[in-house]
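Below are the chains, spelled out letter by letter.
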Amino acid sequence: MSAHTLVSLHPGDTATIVSIHAEEALHLRLLALGFRSGKQVELIRKASFSGPLQVRVGTTDIMLRRTEAAKIEVCRV
Amino acid sequence: MKRIALLGMPNTGKSTLFNRMTGGAARVGNWPGITVELLSGKILLGEDMVEIIDLPGIYDLHGFSDDEQVVRHFLHDNVPDLALVIVNTTQIERQMSLLLQLKQLDMNIVVALNMSDEAKKFGITVDVQKMSELLELPIFLVSAKYGNGYQEVQQAITKALRYPTPGMAEQLRSQLEQDEHIESEMQRVLKHTVQVPAQLSDNLTEKLDSVMLHPVLGLPIFFGVMYLLFQGVFLFGQPFQELIATALDWVRGAALEPIMVIFPQSVQGLLLDGVYNGVTTVAAFVPIIVLFFLFMAIVEDSGYLSRAAFLMDALMSRLGLDGRGFVMLLMGFGCNVPALMGTRVMRSRAMRLLTMMVIPLSLCSARLQVFIFFTAALFSPQAAPLVLFSLYLFSFATAIITALIFKNQFRNSEPFVLELPPYRFPTARQMMLRGWLEVRHFLRRATKFIVAGVVMVWLLTNLPQSAVPASADTFAGMIGSALHPFFAPLGINEQLTIALIFGFIAKEIVIGALAVIYSLSGDALSGAIGMQLDWVQAYSFMLFTLLYTPCLATIATLQSESKQTSFTVLSLAWSLGLAWLVSFAFYQGARALGY
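About the cut-offs
Residues numbered from 1 in each chain as written. Chains lettered and ligands numbered in written order. Predicted model: local features only at pLDDT ≥ 70, side-chain atom pairs only at ≥ 80, totals over all residues. Helix = DSSP H or I, 4+ residues; strand = E, 2+ residues; numbered from the N terminus. Rg over C-alpha atoms; globule rule 2.2 N^0.38 Å. Buried ≥ 20, exposed ≤ 12 C-beta atoms within 10 Å, placed from the backbone. Contact = placed C-beta atoms within 7 Å. Nonpolar A, V, L, I, M, F, W, Y, C, P; charged D, E, K, R; others polar. Pairing = 2+ DSSP bridges. Axes fitted to C-alpha atoms, helices over the stretch in contact; angles between N-to-C directions. Expected span 1.5 Å × (residues − 1). Parallel < 35°, antiparallel > 145°, perpendicular 65-115°, else oblique. Left-handed = near helix turned anticlockwise from the far one by under 90°. Domains from an automatic or database assignment. Core = buried A, V, L, I, M, F, W, Y, C linked by C-beta atoms within 7 Å.

Moving on: the overall build of chain B. A count of helical and extended segments in chain B gives 25 helices and 10 strands. Taken over C-alpha atoms, the radius of gyration comes to 28 Å for chain B, in line with the 25 Å a tight globule of 595 residues would show. Every one of the 595 residues in chain B was classed for burial, and the buried ones make up 45%. Contacts in chain B between residues far apart in sequence, at least 24 positions, make up 75% of those at least 6 positions apart.

Glancing now at the overall build of chain A. Along chain A, the regular secondary structure elements total two helices and six strands. Over its C-alpha atoms chain A spans a radius of gyration of 11 Å, differing by no more than 12% from the 11 Å that the globule rule assigns to 77 residues. Overall, the C-alpha framework of chain A stretches about 30 × 25 × 20 Å when taken along its three principal axes. When each of the 77 residues of chain A is scored for burial, the buried share is 44%. Of all intrachain contacts in chain A linking residues separated by at least 6 positions in sequence, the fraction that spans at least 24 positions is 60%.

The interface is formed by 26 residues belonging to chain B together with 25 residues belonging to chain A. Among the secondary structure elements, those contributing two or more residues to the side of chain B that touches chain A are helix H3 (92–103), helix H11 (304–316) and strand S10 (417–419) of chain B. The greatest single-element share of the side of chain B that touches chain A, amounting to five residues, is contributed by H11 of chain B. Its residues assigned to classes, the side of chain B that touches chain A comprises 15 nonpolar, six polar and five charged. Pairing of strand S5 (residues 60–64) of chain A with S10 of chain B, which is carried by three bridges, proceeds in the antiparallel orientation. When the sheet's bridge partners are listed, Met63 of chain A is paired in S10 of chain B with Leu418 of chain B.

Let us now look at the sheet that holds strand S3 (residues 38–45) of chain B. Strands pair in a sheet through their backbones, by hydrogen bonds, and they do so in one of two ways: parallel or antiparallel. Residues and elements named next belong to chain B. A sheet is described by the order of its strands in space; here seven strands give the open sequence S2-S3-S4-S1-S5-S6-S8, paired in mixed fashion. Because the sheet does not close on itself, it has two edges, and the strands there are strand S2 (27–29) and strand S8 (139–141). Across the sheet, the mean angle separating the axes of adjacent strands is 30° when strand polarity is ignored. Both strand S1 (residues 2–8) and strand S5 (residues 82–88) contribute to a ladder of five bridges, which runs parallel. Each bridged residue has a counterpart across the sheet, and for Ala5 the counterpart in S5 is Ala83. H3 contacts S1, S5 and strand S6 (109–114) of the sheet and is inclined by roughly 165° relative to S5.

The next thing to look at is the environment of Phe486 of chain B. Within the secondary structure layout, Phe486 of chain B lies in helix H19 (residues 484–487). Sequence-wise, Phe486 of chain B and Phe584 of chain B are 98 residues apart; in three dimensions their C-alpha atoms are separated by 9.7 Å.

On to H3 of chain B, then. All names here are of chain B. In this model H3 runs 16 Å from its N-terminal to its C-terminal C-alpha over 12 residues, within 8% of the 16 Å that 1.5 Å per residue would give. Among the 12 residues of H3, nine are classified as buried, and the element is accordingly described as predominantly covered. Of all the positions in H3, only Ile92, Arg94, Gln95, Met96, Ser97, Leu98, Leu99, Gln101 and Leu102 are classed as buried.

Residue and element names in this part refer to chain B. Closest axis-to-axis distance for the helix H9 (residues 218–260)/helix H10 (residues 265–301) pair is 9 Å, and the angle between their directions is 155°. Considered as vectors, H9 and H10 are oriented roughly antiparallel to each other. Pair H9 / H10 crosses with right-handed handedness. Class assignment for the residues of the contact of H9 with H10 results in 21 nonpolar, five polar and one charged.

Further remarks concern the domain arrangement of chain B. All names here are of chain B. When cut into domains, chain B gives domain 1 (2–201), domain 2 (212–364 + 395–412 + 424–439) and domain 3 (448–592). Taken over C-alpha atoms, the centre of domain 1 sits 32 Å from the centre of domain 2. Taken together, the contacts link seven residues of domain 1 with eight residues of domain 2. Breaking the side of domain 1 that touches domain 2 down by element, the ones donating at least two residues are helix H1 (14–22) and helix H2 (66–77). Class assignment of the residues belonging to the side of domain 1 that touches domain 2 gives a composition of no nonpolar, four polar and three charged.

Glancing now at the nonpolar core. Residue and element names in this part refer to chain B. The biggest cluster of nonpolar side chains holds 186 residues, and the ones touching the most others in it are Leu6, Leu84, Val85, Leu113 and Phe502. With 14 residues, H10 is the single largest residue contributor to this core. Apart from residues lying up to four places away in sequence, Leu84 is in contact with Ile4, Leu6, Val110, Ala112 and Ile157.

All names here are of chain B. Burial analysis of S1 places five of its seven residues in the buried class, the great majority of the element. Inspection of the sheet shows S1 paired to strand S4 (residues 48–54) by five bridges, in the parallel sense. Among the inter-strand pairings, Lys2 is bridged to a residue of S4, identified as Val50.

On to the environment of Asp523 of chain B, then. Positionally, Asp523 of chain B belongs in helix H22 (residues 522–532). Along the chain, Asp523 of chain B and Ala377 of chain B lie 146 residues apart, while their C-alpha atoms are 8.6 Å from each other.

This is the structure in C-alpha cells:
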C-alpha cells in the first residue's frame, strides 16, 4: 500500500482517497461532488492526448483534468 | 405576493420541475443584489398567487463560483417565504450536504427528492418518512420529468406557505464553521434512511460510454454526431425559413403594399423596406432557433454534451475553453445566434464570454452565400472549392488566435470538474418547451434592436431624398467615400463599401444590396463584378466579410446574453480590427508578390 495521486491510477483501478490538497474553491467543489478522505474512487477511463479523467465516486461519474486529479492523494486497494 | 425559491445542485432536474410548476409561462427578471437575470413564474397555489424563482444550481452554499455568489446574494437580499430544495435521489449520498446547509438558515423548507424513477431503476431506496422525522422537514419523492408525486409537493408547499417566514441567519458566512456538524449529521440521516446497492445497475450508460468515449472511436463518433446535428438543424430549418419568407412576402404584396399607397413614396419605403424588412429579418431566425434548441435539448439532456467536453478537453483546455464551447463554435458555422445563446450551458462567466468572443468568427451559412456568389464570379470552377475551403480555414484560424489572445483576459477561475450524468432521453414536452422558451427569449430581446438597425440602414441608404437609393449621393455613399482611405488599402471600392454597410444588417442581403448598387442582377451582376474586380480584390473583400461584424442579430444576441455593453463593443471592435488587418495583410501581400 503506497500513496499515489489519482492520476497514477489505471483504468479499472479502485482506490481510497487519503487526502485532498486543493485550494479552497476546488476543495469545496470536490467535497460537494462526494470526494472525501476515506471514500472509494474508481478510475473509469482516461481521455486520449493527456485529456481529462473519468472517475466514479459513489453514484456519481465525474470528469476532471489531470492537473486537478494530481491534487487528490489516493491509496490503491 | 409570497415567493418560493427553487434551490438545488446542478443536474437535479430543477429546471424541469420549474417548468412543470409554471407550465412554461416564465419570464426573466432582475432582482436586487444580483446582476444576472433569473427566471420566475407566477402560479396560483390554493387561493393565492405565488411567485416561483428558479435559482442557478449550486454545489455549496459557501462556494466561490459565480452561481454560488448569485444564490447567496439573492437569499440575502430577497428572503424567500419558502425554499423548495430539489435533490437528485440517485446522488442523495452527497447532495444532502447542501440541504443541511440550507436547513441551518432557518428557512421554510420543502424537499423534493427528484428523479425517483431513476433511483428506483438503480435500486436506491429511501425511507422518506424516517428522513422527514429525522430532519424535521416535509420530504417527497417526485419525478419532475413524468410528474409523479408532484401533487403532494404542491399541497405541502401550499400548507407550508401559511406559516410565517422565519427570520434568516444574519451572516451566511458565519455559518461556515458549523459545516463540521453537517458531516456527521449527514452520515446519521443517510445511515438510517438510504440504501444504495454496492454495484449500480446502470449497464446502459456504461456500455454507451465504452463506445462514445472510446479512445479511438470517440472522436469520429463525436464528429459524426455533430454533423448530424448540424444537418438536422440547418437542413430542416431552411424550408421553414423559406416558407416564412414567402408568407411574409405574400402579406407584403397582398395586404401591406395596397394599403400603403395612401402614403407618400418615402414613407412607404421607410415602413416597408425599413420596419417590415426588420420584422422579416427577425422572423428568419425563428425556425433556426426553435430547431437548434429542440436538438440541443437532446444533446444536453441526454448527457452527451458533457461527453463532448470530455472528448475535446485535451485540445480546448489549451485555448482556455471547454469542449462544450467547441460544440457551440461548430454550431456557429450554421448560425451564430443560437450558438451564442447556447453558451448559457457554461456556468463560468469568464469562459462563457471567451466562447462568445470566438463564435462570431464562425463562417455561418449567410456568409457562405456571399462567398459562393463571389467565387462563382471570379474563380474557375476548379479553383472555387479550394477558395471556399481556404475561407473555412481562415475562420478556424482566427477563432483559435482570438481564443489564445483573450484567454488571459477572460481567465476561468472556477474549478473545472464536470459531472457525467447517466444517459437519458428528454421527453417531447421538454424539447418543445425548450425551443419555445428560447425563441421567445430571442424575440423579446432582439426584435427592437434588429428592427431599429434595419431602419437605420434604410435611412442611410435612402436619404437625402434627392439621391438615388444606395448611390454615392446617399448618406451611406458619403460614409463610403469618407471611409475610402480605410478601405482603399484593402482593395475594396466604394460600391463594395456600401454593400458592407448593408451587410451589417445581415449577410443574406449583401448580394441583394449589390444588385441595387449596380442596378444589375443575377448573371449580369456577377459579370459586372467579375469585370470590375480582380481575384485579389475579391478575396480581400471576402476576408473582410468573413471577419467583420456578423450581423445585427448576432450583435443583439451578444448584448442580450452578456448584458455588458463594454463586452459587445469589445467584440465588435475586435472583429472589425481583425477584418481590416487580415484583409490588409492579404491584399498588400498579394500585390507585393506581383498578383
